[in-house]
Amino acid sequence: MKQRLAVIDFETTGITPGPGCRATEIGIVLLEGGQIVDRYQSLMNAGVRVPAMIEQLTGISNAMLRSAPPVAQVMREAADFVGSTPLVAHNASFDSKFWDYELAQLGRSRPQAFACTLLLSRRLLPQAPDHKLGTLTRWAGLPATGRAHRALADAEMAANLLLHLGSTLRQRHGIAPAHELLCKLQKVPAAKVAQFLSATPA
DNA sequence: TGCCAGGCCCTCTTTAGGGCCTT
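Residues numbered from 1 in each chain as written. Chains lettered and ligands numbered in written order. Predicted model: local features only at pLDDT ≥ 70, side-chain atom pairs only at ≥ 80, totals over all residues. Heavy atoms only, no water.

- Looking at an unreviewed UniProt entry, one finds chain A named PolC-type DNA polymerase III and attributed to Vogesella amnigena.

Pasting the structure below:
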């Protein structure tokens, strides 16, 4: 995987972005040549309260956010850090909603596509016990990256999973795992994955 | 007051329902 890719993960106050539900932390890992070449991580203060259940899940407290930099500053830095690099996330439908919502608050929009390691692992690792990020990391013997449900640790886990999926494509199917191909593969109906892979030139 | 996502994927399906996955 020689291409440069940005793997991102958000911690948030809930499931659906909106005035009362905002990002609280972002972690970004840049991959190039199969290696992590750069990282970005920051808490961010969007002026919303973290529900107790979320604080328990992530360890991110209201006190931590009070002293965090403003959301606009962090998202501006994050968007500049990523630029037009193709994006990847685990369950990208979730992270892309927050990425797009928070960029829209700055009057910015996303130029690039998201690849999704959840959709890809359902297609390439159907034998896994489930497709949660933590389960896949342990099941595939990938390195521990720190406290789960913190943005940079989860982004690194997703990056390691992406590299594992790339190796699977290359070794098992002789296919180079370019971002454009990953975006196509994740949309192929699960029942037609084998047919798609065998028809894809190496 | 009470409500609270949504896209994907499977099946006891397609005029539907429920589990998965993210916080």
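Back to the text.
Details of the overall build of chain A
1) Next: When its secondary structure is counted, chain A shows nine helices and five strands.
2) Next: In sequence order, the secondary structure elements of chain A are arranged as β-β-β-α-α-α-β-α-β-α-α-α-α-α.
3) Next: Relative to the globule expectation of 17 Å for 202 residues, the C-alpha radius of gyration of chain A, 17 Å, shows essentially globular dimensions.
4) Next: Considering only C-alpha atoms, chain A reaches an extent of 50 × 35 × 30 Å along its principal axes. (Helix = DSSP H or I, 4+ residues; strand = E, 2+ residues; numbered from the N terminus. Rg over C-alpha atoms; globule rule 2.2 N^0.38 Å.)

Some remarks on the pattern of salt bridges
1) Next: Throughout the structure, instances matching the rule amount to seven salt bridges.
2) Next: Salt-bridge contacts for glutamate 32 lead to arginine 4; the nearest nitrogen and oxygen are separated by 2.4 Å. Of the two residues, glutamate 32 is situated in strand S2 (residues 23–32) and arginine 4 in the segment before strand S1 (5–12); the sequence distance between them amounts to 28 residues.
3) Next: Overall, glutamate 32 belongs to the partly exposed group, its relative accessible area being 33%. (Salt bridge = Lys/Arg side-chain N within 4 Å of Asp/Glu carboxyl O. Buried < 20%, exposed > 50% of the residue type's maximum accessible area, 1.4 Å probe, protein only.)

What to know about the pairing of strand S3 (residues 35–43)
1) Next: Of the pairings in the sheet, the one linking S2 to S3 comprises eight bridges and is antiparallel in character. Bridged to isoleucine 28 within S3 is tyrosine 40.
2) Next: Hairpin connection of S2 to S3: two residues between the antiparallel strands, including glycine 33 at a positive phi of 60°. (Pairing = 2+ DSSP bridges.)

Quick look at unusual backbone geometry
Excluding glycine, residues mostly carry a negative phi; peptide bonds, for their part, are mostly trans.
1) Next: Of note in this structure, asparagine 91 is not a glycine but carries a positive phi near 65°.
2) Next: Within the fold, asparagine 91 resides in the loop between strand S4 (87–89) and helix H4 (92–105).
3) Next: At histidine 149, a residue that is not glycine, the phi angle is positive and equals roughly 70°.
4) Next: Mapped onto the elements of the fold, histidine 149 is located in the loop between helix H6 (133–139) and helix H7 (151–173).
5) Next: Of the residues examined, histidine 149 reaches a relative accessible area of 35% and is grouped as partly exposed.

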